[in-house]
Amino acid sequence: MEISWGRGQESRRLLLSLLFFTTWKVGSGQIHYSVPEEAKHGTFVGRIAQDLGLELAELVPRLFRVASKGRGDLLEVNLQNGILFVNSRIDREELCGRSVECSIHLEVVVERPLQVFHVEVEVKDINDNPPVFPRTQKNLYIAESRPLDSRFPLEGASDADIGENSLLTYRLSSNEYFSLEKPSKGEQVKRLGLVLRKLLDREEAPEIFLVLTATDGGKPELTGTIQLHITVLDANDNAPAFDRTLYVVKLPENVPNGTLVIKLSASDLDEGLNGDITYSLSTDSLPNVKSKFHIDPVTGEIMVMGHIDFEESKSYEILVEGIDKGQPPLAGHCTVMVEVEDTNDNVPVMEFKSLSLPIREDASLGTVIALIRVSDLDSGANGQVTCTLSPHVPFKLVSTFKNYYSLVLDSALDREKLSHYELVVTARDGGSPSLSATASVSVEVADVNDNAPTFAQPEYTVFVKENNPPGCHIFTVSARDADAQENALVSYSLVERRVGERALSSYVSVHAESGRVFALQPLDHEELELLRFQVSARDAGVPPLGSAVTLQVFVLDENDHAPALLPPGAGAGGGAGGGELVWRAVGAGHVVAKVRAVDADSGYNAWLSYELLPAAGGARSPFRVGLYTGEISTTRALDEADAPRQRLLVLVKDHGEPALAVTATVLLSLVDSGQAPKTSLRASSGAADAETALVDVNVYLIIAICAVSSLLVLTLLLYTALRCSASPTEGACGPGKPVLVCSSAVGSLSYSHQRQQRVCSGEGPPKTDLMAFSPSLSPCPVREVETEEQSIGGDHSMKPRQPNPDWRYSASLRAGMHSSVHLEEAGILRAGPGGADQQWPTVSSATPEPEAGEVSPPVGAGVNSNSWTFKYGPGNPKQSGPKPKKQTQVSFLLRHKGEASQPLQ
């Protein structure tokens, strides 16, 4: 194997060395190696990294790569030791054909900075191809009348090798009739033929079999043979003869089909059919000749019948035969050499070998953006290509090597002025007329990461129904980044914190790419009403930038709890299987028992109603139950016809969708006045004790109710006094700032802060601070909205929360209540100075008429207890339950339990 740098004198070598170490970032040297064909895989070719002056450690970081035109897998470089070796079988004949010079041109490209080296590996020929004849047998027909020294041309063998390996010598098998005419070295066309040395005698030898052997000049020698079958013919002793044995014709490429190449003419001294000549292409002509040319059998005109391309073949050798029609026929031969002339018919081709895009706006001058290789299949001036760049842009083309140009930065970039350039590179050859090709290059100016992701708003409120399926999608956050590409690629994550004793990530998760927020487990309104957390958005820039958004997830109540019956208290019925004594002397409307139940849900789902199921047999019961109080009272005076034991079934159900219900069984024993009750289930001695215990319990219950009521009245008076005395300049009914909680038709809550109007009656002191619920209202009407936020229930953490559920009565208080709350006739309430008088309900104690004081909860969702519904007017007409679909704006006023005495800020 041989290695050489350049060619010529020492000055040329010195010049190449200087060019190798120039300041250009693109290399311009050339290394020569040689390798024999058919070398085995792994055969050493050269230490390419060392010869190029590259360190082994920088081959991988600088993206060292080798590319070759055509097949790129013949040679490979080991990046560990920098050795160029044979990767696959190299067949010189397949690679270069009959060309004398055969080289593999490699382009070695390294980056950071960008350099290009050109390596030429010469493939040396070995004698691996034997001589090959066009066919294994050739039939010759020779008349016996042919004179001595007559010549019969033969098609020689071909050897795919070159040089000494393709020099062929021929020998003919021993015979007495023919000798072999061998071609001389100076002839342009190598002629081979048989020479008749002895007259033929058909009667003596009608057929002759000879073997022609071709031997090449390689070491070791390789041979090829052809069988010659000679048939001796009789008569017709003059063969056609052409004017010349060789014709040379020049033909431009791309001529149309039917173009005349040459008209041949042969003569025959015979007469008649023996002198009538037919022209044809020799059977020994190559296939590409037969596909490109056609000869007229009568006139001898050779015409073009296929595409003639100089780049495909520069010449064609046409073998022509002229055969007469004698018996036997005789033939004359000549050769037509067609030389193809080049025309400028190939457009220059541009190939981008390396493209470094996008380019940062702070890139330095001279930064290489692209490496462009130009080529033209034409020859001479037709194949000389020059490149230009248009229009005027901050870039330029620099010629770095033969047929190579570098696109470099010529002036500073400013992305704020222009972030995108459309460059047009034009390649033009030197032909006449010249041909050109253009290529467009889109140059994007890359930005730095100077913009953080932003959300459309800093906070979002989400409503989710409880008992959601695990993994359900509840919301999608989206942030936008003004940067481009990786700098604008936003990923989302939770800002982890503790929710009670558990991590936030156990409740919710966020998809890193889409921003979709999922609930990982079913949420329980009774356990968690509000989940407040933050989602962070961060881009993929270096360094990364980010921002966060706050999500408030309100868990809406579902009707997932059935009413639960409270155990019967002393002296009161209501539990299943409980018993109650009723004197027959009681009149109509007398409360004899009360069914008590609670519901763990809130709002409508916890609003309970009571219904007395009809007795078996359809008998009319003398009792009824309060629709919302659960109190069982008489509908008429009891008489002797009533059964002494009454079994009542009370259906307790909530107002959820669908409604859930439970049945309570109440046992009543009717006794006459002054008579001991008769009971089959208890002994007579225990009856007196039970009655005594019942009386004691009723007394204790009445005392408890009175104490609680007194304490409540005292608290209200004290609170009212403190509120009215807090702002002496505003008067007894000065404005405050209560919280208005609005309910939509689906039960969700929204908050707004409105100007406070303290509600006062015309006769008494001002009422306490009130919360207003408006059923089935659309967005809350906001007038003169305050800028300060205030959470319900005295929470000053500036975090919105659901309505405080602590206003509802406790189970013990409700258990002790035996009477319902009714309305007194409405008082005149004033909304403040200058405000219109309003008819507002006031709360009073129980009345003998149970229906007049039925209570119902507010329609807002998220309130965890049964609350009150009020009726207008002195007559207190009976009302049904709340109807959420009505749009009537009716305000319900509820007092907060445990509310601070000072006004909400």
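The name given to the protein chain in an unreviewed UniProt entry is Cadherin domain-containing protein, and the organism recorded there is Pipistrellus kuhlii. According to UniProt, the comment filed for the protein chain under the heading Subcellular location (unreviewed entry) is "Cell membrane".

Caption draft 1: Quick look at the overall build of the protein chain. Counting secondary structure elements, the protein chain contains 6 helices and 61 strands. A burial count over the protein chain gives 43% of its 905 residues as buried. Looking at the protein chain alone, contacts between residues at least 24 apart form 68% of all its contacts between residues at least 6 apart. With the model as given, the accessible surface of the protein chain reaches about 46,900 Å², and the carbon-plus-sulfur share is 54%.

Caption draft 2: A look at the pairing of strand β29 (residues 395–401). One ladder, built from 6 bridges, connects β29 with strand β30 (residues 404–409); its direction is antiparallel. In the sheet register, F395 faces β30, and the bridge partner there is L409. The loop that links β29 with its antiparallel partner β30 comprises 2 residues; one of these, N403, has a positive phi angle of about 65°.

Caption draft 3: Quick peek at the packing of aromatic side chains. Applying the stated criterion across every chain yields a total of 9 aromatic pairs. Taken together, a centroid distance of 6.2 Å and an interplanar angle of 75° make the contact between F152 and F178 edge-to-face. Residue F152 is found in strand β10 (residues 151–154), and its partner F178 is found in strand β12 (residues 178–181); the two are separated by 26 residues along the sequence. Here F152 matches F178 in class, with each residue buried. Taken together, Y604, W607 and Y628 form an aromatic cluster joined through their ring pairs. Sitting above the plane of the F310 ring, K314 keeps its charged end 5.0 Å from the centroid.

Caption draft 4: Layout of the sheet that holds strand β40 (residues 508–510). With antiparallel pairing, the 3 strands of this open sheet are ordered in space as β35-β41-β40. Pairing within the sheet leaves two strands with one partner each, and these edge strands are β35 (472–476) and β40. This sheet shows a mean twist of 30° between the axes of neighbouring strands, independent of strand direction. Of the pairings in the sheet, the one linking β40 to strand β41 (residues 516–519) comprises 3 bridges and is antiparallel in character. Bridging across to β41, V508 finds its partner in A519.

Caption draft 5: View of the nonpolar core. If you look at the biggest cluster of nonpolar residues, it comprises 28 residues, and the most contacted ones within it are Y492, V508, L531, F533 and V535. Listing elements by their share of this core, those giving two or more residues are β34 (459–465), β35, β37 (490–494), β40, β41, β42 (530–539) and β43 (546–556).

Caption draft 6: Examining the pattern of salt bridges more closely. Applying the stated criterion across every chain, the model contains 22 salt bridges. The residue K353 makes a salt bridge to E107 at a minimum N-O spacing of 3.2 Å. Highlighted residues: K353 in strand β25 (residues 349–355) and E107 in strand β7 (residues 103–110), separated in sequence by 246 residues. By relative accessible area, which is 26% here, K353 ends up partly exposed. Relative accessible area serves as the criterion here: at 12%, E107 is assigned to the buried category.

Caption draft 7: Local environment of the sheet that holds strand β50 (residues 631–634). Spatial ordering of the open sheet is given by β46-β50-β49, a layout of 3 strands whose pairing is antiparallel. Only two strands of the sheet have a single neighbouring strand rather than two, namely β46 (591–594) and β49 (623–625). Across this sheet, the average inter-strand angle for adjacent strands is 25°, counted without regard to direction. Bridging between β49 and β50 involves 3 bridges; their strand directions are antiparallel.

Caption draft 8: Layout of a nonpolar patch on the surface. Taken together, the side chains of V699, Y700 and I703 make up a nonpolar region of the molecular surface, amounting to roughly 320 Å² of accessible area. By secondary structure assignment, the location of I703 is in helix α5 (residues 684–726).

Caption draft 9: Structural view of the UniProt feature "transmembrane region" (unreviewed entry) in the protein chain. Under the UniProt annotation, the feature "transmembrane region" (unreviewed entry) is placed at residues 699–719. Structurally, residues 699–719 comprises 100% helix and 0% strand, and the distance from its first C-alpha atom to its last is 30 Å.

Caption draft 10: Representation of the state of the cysteines in the model. Considering all chains together, one arrives at 1 disulfide under this definition. Here C96 pairs with C102 through a disulfide, and the sulfurs are 1.9 Å apart. When the S-S torsion is 70°, as for the bridge of C96 with C102, the disulfide is right-handed.

Caption draft 11: Region of the structure containing the environment of I302. Within the secondary structure, I302 is located in strand β22 (residues 301–304). Through-space distance from the C-alpha of I302 to that of G258 is 9.1 Å; in sequence the pair is 44 residues apart.

Caption draft 12: Molecular detail of the pairing of strand β11 (residues 169–172). Only one face of β11 is covered, namely the face carrying Y170 and L172; the face carrying T169 and R171 is uncovered. Two elements, β11 and strand β14 (residues 207–215), share 4 bridges in a ladder whose sense is antiparallel. Note on β14: the bridge partner recorded for R171 is T213.

Caption draft 13: How the structure looks around the side chain of R146. Tracing the backbone through its elements, the reader meets R146 in the loop between β9 (137–143) and β10. No salt bridge is formed by the buried R146, whose closest oppositely charged neighbour, D324, lies at an N-O distance of 8.3 Å. For R146, the contacting residues outside a window of four places in its chain are R151, F152, L196, L199, D237, A239 and L330.

Caption draft 14: Just unusual backbone geometry, in detail. A cis amide bond links K219 to the next residue, P220, at an omega of 0°. With respect to the helices and strands, P220 occurs in the loop between β14 and β15 (223–233). A cis geometry characterises the amide bond from L357 onward to P358, with omega recorded as -5°. Assignment of secondary structure puts P358 in the loop between β25 and β26 (359–360).

Caption draft 15: Spotlight on the confidence of the model for the protein chain. On average, residues of the protein chain carry a pLDDT of 75, and 72% of them reach 70 or more. Across residues 1–28 the pLDDT falls below 50, and counting only partners more than four positions away or on other chains, this stretch makes 42 contacts in the model. When the criterion is pLDDT under 50, residues 727–905 qualifies, and its contacts beyond four places in sequence or with other chains add up to 360 contacts.

Conventions used here
Residues numbered from 1 in each chain as written. Predicted model: local features only at pLDDT ≥ 70, side-chain atom pairs only at ≥ 80, totals over all residues. Heavy atoms only, no water. UniProt positions renumbered as here; feature names shortened; annotations may be inferred. Helix = DSSP H or I, 4+ residues; strand = E, 2+ residues; numbered from the N terminus. Buried < 20%, exposed > 50% of the residue type's maximum accessible area, 1.4 Å probe, protein only. Contact = heavy atoms within 4.5 Å. Areas by Shrake-Rupley, 256 points an atom, 1.4 Å probe, with all protein chains shown as cover. Pairing = 2+ DSSP bridges. Phe/Tyr/Trp six-rings, centres within 6.5 Å; stacked < 30°, edge-to-face > 60°. Lys NZ or Arg CZ within 6 Å of the ring centre and 35° of its normal. Axes fitted to C-alpha atoms, helices over the stretch in contact; angles between N-to-C directions. Core = buried A, V, L, I, M, F, W, Y, C linked by side-chain atoms within 4.5 Å. Salt bridge = Lys/Arg side-chain N within 4 Å of Asp/Glu carboxyl O. Patch = residues over 30% accessible without salt bridge, like charges linked within 9 Å, V, L, I, M, F, W, Y side chains within 5 Å. Disulfide = S-S within 2.5 Å. Lys, Arg positive; Asp, Glu negative; His and termini not counted. pLDDT = per-residue confidence, 0-100.

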